[in-house]
Amino acid sequence: MSKPVLIVGGGPAGLAAAHSLATVGKPCVLVEKEDRLGGAPILSGYAKLVPTDEWAKDAIGGMVTRVENEDNVRIETGTKVTKFDGTPGNFTAMLSNGESLQAEAAVLCSGFTHFDSVNKPEWGFGTFPDVVTTTQVEQMISSGKGVRCPSDGRMPKRVAILLCVGSRDRQIGREWCSKICCTVSSNLAMEIREELPDCHVYIYYMDIRTYGLYETKYYWRSQEEFKVKYIKARIAEVTSDGEHLIVKGEDTLVKRPITIPFDMVVHAIGMDPNVDNPEIAETFGIELESNGFLDVAHNYGTMGQTSRPGVFVAGAATGPETIDDSIAQGHAAAMAVLSGNKEAIGRTA
Ligand SMILES: Cc1cc2nc3c(=O)[nH]c(=O)nc-3n(C[C@H](O)[C@H](O)[C@H](O)COP(=O)(O)OP(=O)(O)OC[C@H]3O[C@@H](n4cnc5c(N)ncnc54)[C@H](O)[C@@H]3O)c2cc1C
Ligand code: SF4
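Quick look at the structure, then. Just so it is clear, the model here is predicted, and its values are computed rather than measured.

Conventions and cut-offs
- Residues numbered from 1 in each chain as written.
- Chains lettered and ligands numbered in written order.
- Predicted model: local features only at pLDDT ≥ 70, side-chain atom pairs only at ≥ 80, totals over all residues.
- Heavy atoms only, no water.
- Core = buried A, V, L, I, M, F, W, Y, C linked by side-chain atoms within 4.5 Å.
- Buried < 20%, exposed > 50% of the residue type's maximum accessible area, 1.4 Å probe, protein only.
- Contact = heavy atoms within 4.5 Å.
- Pairing = 2+ DSSP bridges.
- Helix = DSSP H or I, 4+ residues; strand = E, 2+ residues; numbered from the N terminus.
- Axes fitted to C-alpha atoms, helices over the stretch in contact; angles between N-to-C directions.
- Polar contact = N/O pair within 3.5 Å; in protein donor to acceptor, adjacent residues only side chain to side chain.
- Salt bridge = Lys/Arg side-chain N within 4 Å of Asp/Glu carboxyl O.
- Near = heavy atom within 4 Å.
- Nonpolar A, V, L, I, M, F, W, Y, C, P; charged D, E, K, R; others polar.

## Notes on the nonpolar core
One recurring pattern in soluble globular proteins is that nonpolar side chains are buried together.
Item 1. If you look at the biggest cluster of nonpolar residues, it comprises 69 residues, and the most contacted ones within it are I7, V107 and I161.
Item 2. Among residues more than four places away in sequence, those in contact with I7 are G14, A17, A18, L21, C28, V29, L30, V31, V107 and C109.
Item 3. Grouped together as the second largest cluster of nonpolar side chains are 21 residues, A93, A106, I286 and L294 included.

## Examining the sheet that holds strand β6 (residues 100-103)
Item 1. Read from one edge of the open sheet, three strands run β4-β5-β6, paired in antiparallel fashion. Lying at the two open borders of the sheet, with one neighbouring strand each, are β4 (81-87) and β6. Across the sheet, the axes of successive neighbouring strands diverge by a mean angle of 20 degrees, strand direction being ignored.
Item 2. Relative to β6, strand β5 (residues 90-95) runs antiparallel, the two being bridged by four bridges. Bridge pairing in β6 places F91 opposite A103.

## Concerning the environment of R174
Item 1. With respect to the helices, strands and loops of the structure, R174 is situated in the loop between β10 (158-165) and α5 (181-195).
Item 2. Taking the relative accessible area as the measure of exposure, R174 reaches 16% and is therefore buried.
Item 3. Considered as a pair, R174 and G62 are 112 residues apart in the sequence and their alpha carbons are 33 Å apart.
Item 4. For R174, the contacting residues outside a window of four places in its chain are F115, N119, G166, S167, R168, D169 and D272.
Item 5. One polar contact links the side chain of R174 to the main-chain carbonyl oxygen of I172, over a distance of 2.8 Å.

## Section: the pairing of β5
Working note: regular strand, side chains alternate between the two faces of the sheet.
Item 1. Burial along β5 is one-sided: the residues F91, A93 and L95 are buried and none of N90, T92 and M94 is.
Item 2. Here β4 pairs with β5 via six bridges, running antiparallel. Looking at the pairing, F84 lines up with A93 of β5.
Item 3. The antiparallel pairing of β4 with β5 creates a hairpin that spans two residues between the two strands, and G89 there sits at a positive phi of about 90 degrees.
Item 4. Where β5 folds back onto β6 in an antiparallel hairpin, the turn is made up of four residues, including G98, whose phi is positive at roughly 95 degrees.

## Quick notes on the pattern of salt bridges
Item 1. Going through the model one piece at a time under the given rule, you end up with 20 salt bridges.
Item 2. In this structure, the salt-bridge partner of R74 is E76, at a minimum N-O distance of 3.0 Å.
Item 3. Residue E76 is classed as buried on the basis of its relative accessible area, which comes to 12%.
Item 4. The residue R154 makes a salt bridge to D152 at a minimum N-O spacing of 3.1 Å.
Item 5. Among the residues examined, R154 registers a relative accessible area of 28% and is labelled partly exposed.

## Structural notes on the site of ligand 2
Item 1. Around ligand 2, the neighbouring residues are L163, C164, S167, R168, C177, S178, K179, I180, C181, C182, D207 and R209.
Item 2. The set of elements that each furnish at least two residues to the shell around ligand 2 consists of β10 and α5.
Item 3. In terms of residue class, the shell around ligand 2 is built from six nonpolar, two polar and four charged.

In short, shape yes, function no, at least from these values alone.
Structure, rendered in structure tokens:
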């Protein structure tokens, strides 16, 4: 029997890579550090996904079940790779559970870490309980409890969603755009309006990046059908007058200061490099790119090849990615492994 392919991370990208390889008869070992598969959409309890409107637990849960039922995939949860030696086609990996295994290649699908809003203290997170993140609002919706103010459980009458929290922010060393948070926020705003029709929802933005086909479905629909209000602003701080949260800033279209009270303020948090990336780079002997994501050697030739032949990468491990692009990259990395490309895994053709 041929040596398996080692896949690190059981999110959308890792599940796609495992499925691709397993269906063509290639054995895989899927190593996931948490105690369950599914990655951010499952572990963080996302609600309905953009752009399909499918519940994360159904869409990504279905991918998990498909891989769990696959004979060619061995799953090791609660496990990390601690050592990785050898050459393409002939690697040896040590796992944190004490096992070792031979592998033909590795595909790193270790994803991202959500930005921690305590790193943006002037916007109130960690100080005021009703300042929450998009992930928390997703959890309120997916748990069926509905959108409520954490401080006292009341239904909010006024909600502000602040975009680019932990993205496009040079002051805190995060220059990248996280790609999906504008669209996710427009979608959440519509979901809040649907659940609480009397609630006013404002989105504070620098620029709106509901790119491609998302412009009509999210940006325009949220305004025209759901009456979500957009304010182009530079936010100074989020404070409290004891009764309401106060968002202070400058309306950058009319160049005037604005101060508006809210019941709930939502941080649209971005995608940081996985906190494990330095450890992963060291273990697998691969390069990080300048922001700390896992670097790819080529953008066009071989998809997902890292700086080390035989080690591939896919999904949000490489930088902010959507779920569908992460899945596509997982399949592409699987194909690169299978193609046995000379450049990719160092075999002679
Ligand atoms: C608030 C928010 C909402 C979003 N909503 C959407 C949406 O509606 N639609 C959409 O397209 N995108 C959405 N995204 C983006 C989406 O989360 C990512 O595209 C997707 O999760 C990337 O999948 P992935 O498999 O690459 O990484 P992840 O989902 O991060 O999965 C990585 C997996 O690897 C595991 N792992 C990490 N390190 C290690 C290690 N050292 N060893 C072993 N395992 C490890 C993790 O535990 C995790 O299971 C959203 C993002 C945010 C921040
Ligand atoms: S997608 Fe939108 S909210 Fe997210 S970082 Fe880019 S511009 Fe900011």
